[in-house]
Amino acid sequence: MIPTAEPAQVNRRATYREVLAEPRFRLLFSTRAVAITADAMRITTFSVLVFSATGSALLSALAFGIGFIPQLFGSLLLGSLADRLPPRGLITGGYALTCAAALLIAVVRMPVAASLGVVALVALATPVFSGASSRLVAQCLEGDAYVLGRSLNNIASSGGQLFGLALGGAVVAVLGPHRALAVSAVLYLGCALAVRIRLPRLQLEESGGTPGGARGDRGAVRASLHGASLLLRGRTVRRLMLAQWLPPAFVAGAEGLVVAYAGGHHFAPGWYAVLMGCLPVGMLVGDLLVGRLLRPPTRERLVVPLIALMGLPLVGFAAEPGVGVSSCLLLLCGFGFAYGLGLQRPFLDALPQDGQGQAFGLLGSGSMTLQGVGPVCFGSVAAGIGTGGAIALAGGAAALTAGWILTWQPHASPVPVPNCSTGSENDTEQHACSSPAQ
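Residues numbered from 1 in each chain as written. Predicted model: local features only at pLDDT ≥ 70, side-chain atom pairs only at ≥ 80, totals over all residues. Heavy atoms only, no water.

Draft legend 1. Looking closely at the overall build of the protein chain. Summing up its helical and strand segments, the protein chain has 21 helices and zero strands in all. Out of the 438 residues belonging to the protein chain, those deemed buried represent 51%. The contacts in the protein chain between residues at least 6 apart in sequence include a share of 85% that link residues at least 24 apart. As displayed, the protein chain has an accessible area near 18,500 Å², and 67% of this comes from carbon and sulfur atoms. (Helix = DSSP H or I, 4+ residues; strand = E, 2+ residues; numbered from the N terminus. Buried < 20%, exposed > 50% of the residue type's maximum accessible area, 1.4 Å probe, protein only. Contact = heavy atoms within 4.5 Å. Areas by Shrake-Rupley, 256 points an atom, 1.4 Å probe, with all protein chains shown as cover.)

See the structure below:
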């Protein structure tokens, strides 16, 4: 059984200062922030490079999204490696591989198809590296400190994307797209060196992983497919993954229509960029306020209201609002993303001890894949009902997800927690209940 935490420990609110005092987390957080900045630079610059070479909007959009969809396949086929190999080598190798890919595209004038293939191959391996990093964060932070650690990573993601987009535009304007890609490669190299030099060389047992032999003699692909199957068959884990996948995917579908909405309503040039920036700004504010001011039980009770806050403001786009109201609606929507903080502890508690790295990799890759699919789906809908109607439809879908989560436990908290006093539905949840508490 999972040991029951003392009430004071459950209700205790950690601080960001306490989280950043952990050396390993501080290193992973800082390198992640730099890497996300480099990601934003690389993705947008590569898209510009492909468009300038081909003049094709379709190929430019494909260049923008080619690093997302392959991640799900990588997680399914290679995800178990995140739990079977030492974390320092995996994380360092991930940054080094991304650096090499960016440098290769910057220096070697390859056909567009070859460049797309290079980015897709790196994306296949991304869940392994990110899963190892997330597993190490879960090992070095406990209780509410872990939740705030995830909050800081969300803040780094939002801030890094904003800064990377701005920096990428400036560097492309001054140096051109090829040299801008080289700059992103230098940032990745710095992250790889920092992790290689400053992160201790941890054995698998020290970082919460499991050697391959402890899982039987399955190869990496078979073990990955088996592990993913076990995770997704567990009702609690599956529900918590869907709860973290679906609302952002619906919002991404709406976000993908913002430029078209601004153009269709003849907003002044540049306002589309302001609208696009409202979501990450709202996410930053939401994570800071919910993470810093609310106690853990309160965050978990607010999961459903915050998901509703993500969706309902978008429904307002059905009225075709102007730029000022649209900005406010997108800010409110971004604030609702803080709902994810209320799911972090239940999700970690539901995971098997020897599959955390793969689970985190699957969580991230599934989210990225669905966020890539969302704009395509709602973009197709917009052709029939208009951009305002399609954005409203995306918001309504997110709000319906909040209602679905509310049905999980009608007379209790909507956040499911593994119940170890009764039989589990399958091996995954039994394994979660027999694992030591995090």
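From this point, the narrative continues.
Draft legend 2. Examining a nonpolar patch on the surface more closely. On the surface, Ile69, Phe73, Leu77, Val221, Leu225 and Val373 cluster together into a nonpolar patch covering about 480 Å² of accessible area. Contributing elements (two or more residues each) for the nonpolar patch: α5 (70-78) and α11 (220-233). You can see Phe73 is positioned in helix α5. (Patch = residues over 30% accessible without salt bridge, like charges linked within 9 Å, V, L, I, M, F, W, Y side chains within 5 Å. Salt bridge = Lys/Arg side-chain N within 4 Å of Asp/Glu carboxyl O.)

Draft legend 3. Representation of the packing of aromatic side chains. Applying the stated criterion across every chain, the model contains six aromatic pairs. Ring geometry for Phe25 against Phe29: centres 5.9 Å apart, planes inclined by 20°, an arrangement best described as stacked. Highlighted residues: Phe25 and Phe29, both in helix α3 (residues 23-54), separated by four residues, approximately one helical turn. Of the two residues, Phe25 and Phe29, both sit in the buried class. Ring plane angle 90° and centroid distance 5.2 Å describe the contact between Trp404 and Trp408, whose orientation is recorded as edge-to-face. Residue Trp408 is classed as buried on the basis of its relative accessible area, which comes to 8%. (Phe/Tyr/Trp six-rings, centres within 6.5 Å; stacked < 30°, edge-to-face > 60°.)

Draft legend 4. Focus on the pattern of salt bridges. Taken as a whole and judged by the stated rule, the model has six salt bridges. In this structure, the salt-bridge partner of Arg299 is Asp144, at a minimum N-O distance of 2.5 Å. Linking Arg299 in helix α15 (residues 296-301) with Asp144 in helix α9 (residues 144-175), this pair joins segments that are 155 residues apart in sequence. Across the pair, Asp144 and Arg299 agree in class, each one buried. Across the salt bridge formed by Arg345 and Glu300, the nearest N and O atoms sit 2.6 Å from each other. With Arg345 in helix α18 (residues 341-350) and Glu300 in helix α15, this residue pair connects regions lying 45 residues apart in the sequence. According to the relative accessible area criterion, Arg345 is partly exposed, its value standing at 28%. Overall, the relative accessible area of 11% leaves Glu300 in the buried class. The network of salt bridges with common partners includes Glu300, Arg345 and Asp349.

Draft legend 5. Helix α10 (residues 177-198), seen in detail. Between its terminal C-alpha atoms α10 stretches 32 Å, which fits the 32 Å expected from 22 residues at 1.5 Å a residue. Of the positions making up α10, those classed as buried are Ala180, Leu181, Ser184, Ala185, Tyr188, Cys191, Ala192 and Val195. Seen along its axis, α10 keeps its buried residues to an arc of 150°; they face one direction. In this structure, α10 carries Arg179, Val186, Ile197 and Arg198 as exposed residues pointing more than 90 degrees from its buried face. Looking at the buried side of α10, the elements it contacts are α3, α7 (87-107) and α9. (Expected span 1.5 Å × (residues − 1). Arc of directions from axis to C-beta.)

Draft legend 6. Highlighting the side chain of Ser224. Relative to the helices and strands, Ser224 resides in helix α11. Within the structure, the side chain of Ser224 is placed 2.8 Å from the side chain of Ser80, a separation counted as a polar contact. Other than its neighbours up to four places away in sequence, Ser224 contacts Ser75, Leu76, Leu77, Leu78, Gly79, Ser80 and Gln358. (Polar contact = N/O pair within 3.5 Å; in protein donor to acceptor, adjacent residues only side chain to side chain.)

Draft legend 7. Representation of the side chain of Thr98 within the structure. Following the sequence through the fold, Thr98 ends up in helix α7. When near neighbours in sequence (up to four residues on either side) are disregarded, Thr98 contacts Arg42, Val122 and Tyr188.

Draft legend 8. Expanded view of the confidence of the model for the protein chain. Chain-level statistics for the protein chain give a pLDDT mean of 81 and a share of 85% at 70 or above. In the model of the protein chain, helix α21 (residues 427-434) stands out as the element of lowest mean pLDDT, 36, in contrast to helix α16 (residues 303-315), which has the highest, 95. Confidence drops under a pLDDT of 50 for residues 1-8, and excluding neighbours within four residues, the segment shows ten contacts in the predicted structure. (pLDDT = per-residue confidence, 0-100.)

Draft legend 9. Here's a closer look at the packing of α16 against helix α17 (residues 323-335). Look at α16 against α17: their axes get within 7 Å of each other, and the N-to-C directions meet at 160°. Relative to α17, α16 is oriented roughly antiparallel. Where α16 crosses over α17, the two elements pack in a sense that is left-handed. Residue-level inspection shows Leu306, Leu309, Met310, Pro313 and Leu314 of α16 in contact with α17, the latter providing Leu329, Leu330, Leu332, Cys333 and Phe335. (Axes fitted to C-alpha atoms, helices over the stretch in contact; angles between N-to-C directions. Parallel < 35°, antiparallel > 145°, perpendicular 65-115°, else oblique. Left-handed = near helix turned anticlockwise from the far one by under 90°.)

Draft legend 10. Spotlight on the packing of α16 against helix α20 (residues 387-406). Here α16 crosses α20 at 160°, and the two axes come no closer than 6 Å. Viewed along their axes, α16 and α20 adopt a mutual orientation that is roughly antiparallel. α20 is crossed by α16, and the crossing has left-handed handedness. Contact residues: Val304, Ile307, Ala308, Gly311, Leu312, Leu314 and Val315 in α16; Ile391, Ala392, Gly395, Gly396, Ala398, Ala399, Ala402, Ile405 and Leu406 in α20.

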